[in-house]
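Overview (structure and organization)
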Amino acid sequence: MEPKDIDSLVRPNILALEPYSTARDEYSGGSLGVFLDANESPYENGVNRYPDPHQKMLKSRISEIKGIGGANIFLGNGSDEAIDIVFRVFCTPGRDKAIAISPSYGMYKVASATNDIALEQICLNEDWSLPVDRILEAAGENVKVIFLCSPNNPTGNAFPREDILRIVDGFRGIVVVDEAYADFSSLGSLAAEACTKGNLIVLQTLSKAWGMAGLRIGMAFACERVIGLMSRVKYPYNINVAAQTQALRMLRMDTPFTEEIISERTRLAGALTDLRCIVHVWPSDANFLLVRTTDADGIYAFLTSRGIIVRNRSHVPMCGGCLRITVGLKEENDKLLEALKEYEESHLC
Ligand SMILES: *Cc1c(COP(=O)(O)O)cnc(C)c1O
């Protein structure tokens, strides 16, 4: 879909919206001005001024790192804000519908429910591959958005680009591809495609590989028109001063620990495979492993009693017996492996 055709998908009230503007939008002289426009305190303490609503400096650094134009970047209070805003821009409550894959990330369901949008969840194939034809068949009238997640949480696999692009090209609505774990995958990103295809929005985050989950900064990459629409719906000051400043500093100074996590992922997967209480370890393009166990609830409770918290996914569709384990530090992964051996000894499995 061409960017120029996007307006036909947007809720009429959002198209008509006059976004909140700040007086400082009309001033470009940096911090030298005398600011008597926003009823802030004049006493400097580092946070007495409102944050930049356009996050220009942060976007410019992200633009360098990702090779994506600043006008193609939206920043949200976590990707979770971007997910919510996609619903609010494109889906009329009580009328429009959305599609997500299952099993997948829980926020698509929560955000659809809070926006009163019916969400149809389509099961992945048994081998966790993308059911492209079933998704396109389900994408009937009033389906405005399809949520894909690649690498997918909790299954850990990334979908081939051709499969995702078949959905993008075959659907006359918005496709959101959540790439929270793309840094850990060899299949790469669709962020560049999102800038030219009107109906593709790619989500990434500073929460995972970059280690800034506590700052709450999510990114959306899309054509300028879509980014403009998302920006007019967000709260003007959605990323606070402390988060913008610290993220900028870390994006200038730090490099993510991607290599370390990937090599621990390989080691941990091998060690888990050797355990009797672990029936299957799926390959992972992310910073976690999905494993099928002999008794997910029992093992989960045992690990918790040893102070080790994993994610029990055994009650999620297609994930019977499954736990999702984040790859931690070597010492932490070793503690997990020790505890699982202890479980095996005490449970005769
Ligand atoms: C962790 C995760 C996110 C990150 O959300 P933030 O709000 O940016 O922290 C997004 N999508 C998926 C699938 C995730 O697993």
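Above this text you will find the structure in question.
The notes below deal with the structure included here. (Residues numbered from 1 in each chain as written. Predicted model: local features only at pLDDT ≥ 70, side-chain atom pairs only at ≥ 80, totals over all residues. Heavy atoms only, no water.)

Things to note about the overall build of the protein chain
Where we set the bar: Only DSSP runs of H or I reaching four residues or more are called helices, and only runs of E reaching two or more are called strands; each is numbered from the N terminus. When we talk radius of gyration, it's over C-alpha atoms, and the globule rule is simply 2.2 Å times the number of residues to the 0.38. Three labels apply to residues, based on accessible area from a 1.4 Å probe with only protein chains included: buried if under 20% of the type maximum, exposed if over 50%, partly exposed otherwise in between. Any two residues whose heavy atoms approach within 4.5 Å at even a single point are treated as in contact. Throughout, the Shrake-Rupley method with a 1.4 Å probe supplies accessible areas, and for residues the shown protein chains are the sole cover considered. Here the positive residues are Lys and Arg and the negative ones are Asp and Glu; neither His nor the chain ends is included. Lys charges are placed at NZ, Arg charges at CZ, Asp charges at CG and Glu charges at CD.
A tally of helices and strands in the protein chain yields 12 helices and 11 strands. For 349 residues, the compact-globule estimate of 2.2 N^0.38 gives 20 Å, and the protein chain sits close to it at 22 Å. Counting only C-alpha atoms and orienting by the principal axes, one finds that the protein chain spans roughly 70 × 50 × 30 Å. Considering the protein chain as a whole, with its 349 residues, one finds that 50% of them fall into the buried category. Within the protein chain, residue pairs in contact and separated by at least 24 positions form 70% of the contacts whose partners lie at least 6 positions apart. Of the roughly 16400 Å² of accessible surface on the protein chain, a fraction of 53% belongs to carbon and sulfur atoms. Across the protein chain, 36 positive and 45 negative side-chain charges occur, with their mean positions spaced 3 Å apart.

A short note on the site of the ligand
Definition in use: Only a single heavy atom is needed: when it lies within 4 Å of a molecule or strand, its residue is near that molecule or strand. Any pair of nitrogen or oxygen atoms within 3.5 Å is treated as a polar contact; in protein, a donor-acceptor pairing is required on top of that, and neighbouring residues in sequence qualify only through side-chain atoms on both sides. The classification used treats Ala, Val, Leu, Ile, Met, Phe, Trp, Tyr, Cys and Pro as nonpolar, Asp, Glu, Lys and Arg as charged, and all other residues, Gly among them, as polar.
The full set close to the ligand counts 13 residues, and Asp178, Tyr181, Thr205, Lys208 and Arg216 are the nearest of them. Contacts to the ligand include aspartate 178, whose side-chain N or O atom sits 2.6 Å from a nitrogen atom. Computed on the free molecule, the ligand has an accessible area of 380 Å², of which 93% lies beneath the protein chains in the complex. Broken down by class, the residue content of the shell around the ligand amounts to 4 nonpolar, 5 polar and 4 charged.

A few points about the side chain of glutamine 244
Looking at where glutamine 244 falls in the secondary structure, it is placed in helix H9 (residues 241–253). Take glutamine 244: its relative accessible area is 11%, and that puts it in the buried class. Side-chain polar atoms of glutamine 244 contact the backbone oxygen of isoleucine 239, separated by 2.9 Å. Discounting chain neighbours no more than four positions away, the residues touching glutamine 244 are Pro51, Asp52, Gln55, Leu58 and Ile239.

Some thoughts on the packing of aromatic side chains
How we decide: Only Phe, Tyr and Trp rings are paired, with Trp represented by its six-membered ring, and only when their centres lie within 6.5 Å; those with planes under 30 degrees apart are stacked, over 60 edge-to-face, the remainder tilted.
Taken as a whole, this structure holds 7 aromatic pairs when the rule is applied. Seen in terms of ring centroids, tyrosine 105 and tyrosine 108 are 5.6 Å apart; in terms of plane orientation they differ by 75 degrees. Their pairing is edge-to-face. Summarising the aromatic geometry, the rings of tryptophan 128 and tryptophan 282 are spaced 5.5 Å apart at their centres and angled 50 degrees between planes, so their arrangement reads as tilted. In this pair, tryptophan 128 is assigned in the loop between strand E3 (118–123) and helix H5 (132–138) and tryptophan 282 in the loop between strand E8 (278–281) and strand E9 (288–293), connecting sequence segments 154 residues apart.

Digging into empty space enclosed by the protein
Definition in use: Here a cavity denotes grid points, spaced 1 Å and computed from the protein atoms alone, that fit a 1.4 Å probe unable to get out, and a pocket denotes an open set having protein on both sides within 12 Å along at least 5 of 7 lines; residues with an atom within 4 Å of a point are the lining. Grid points are joined across faces, edges and corners, and a volume is the space filled by probe spheres set on the points.
With the rule as written, the count across this model stands at 2 cavities of 30 Å³ or more. As a volume, the largest cavity reaches approximately 90 Å³. Along the wall of the largest cavity there are 13 residues; nearest its centre are Ser150, Phe159, Ile164, Glu179 and Gly188. Considering only enclosed or pocket space, the second largest cavity measures out at about 30 Å³ in volume. Along its surface, the second largest cavity is lined by Ala100, Ile101, Ser104, Tyr105, Tyr108, Lys109, Leu119 and Gln121. Elements that contribute at least two residues to the lining of the second largest cavity include exactly strand E2 (97–102), helix H4 (107–114) and E3.

Thoughts on the sheet that holds E8
Pairing between the strands of a sheet is mediated by backbone hydrogen bonds and can be parallel or antiparallel. Definition in use: Two strands are said to pair when DSSP picks up at least two bridges between them.
Across the sheet, 4 strands lie side by side as E8-E9-E11-E10; this open sheet has antiparallel pairing. Strand pairing shows two members of the sheet lacking a second neighbour, E8 and strand E10 (311–312), which therefore form its edges. Summarising the sheet, E9 and strand E11 (residues 322–326) pair through 5 bridges and their orientation is antiparallel. In the strand pairing of E11, phenylalanine 288 is matched with threonine 326.

Let's talk about the sheet that holds strand E4 (residues 143–149)
The cut-off we apply is this: Every axis in this analysis is a line fitted to C-alpha atoms, fitted for helices over the stretch in contact. Angles between the N-to-C directions lie between 0 and 180 degrees.
The 7 strands are arranged E1-E7-E6-E5-E4-E2-E3 in an open sheet whose pairing can be described as mixed. Strand pairing shows two members of the sheet lacking a second neighbour, strand E1 (73–76) and E3, which therefore form its edges. Mean inter-strand twist for the sheet, computed between neighbouring axes without regard to direction, equals 25 degrees. In terms of strand pairing, strand E6 (residues 200–205) meets strand E7 (residues 218–221) through 4 bridges, oriented antiparallel. The residue bridging glutamine 204 from the neighbouring strand is methionine 219, located in E7.

The analysis is restricted to geometry; functional conclusions fall outside its scope.
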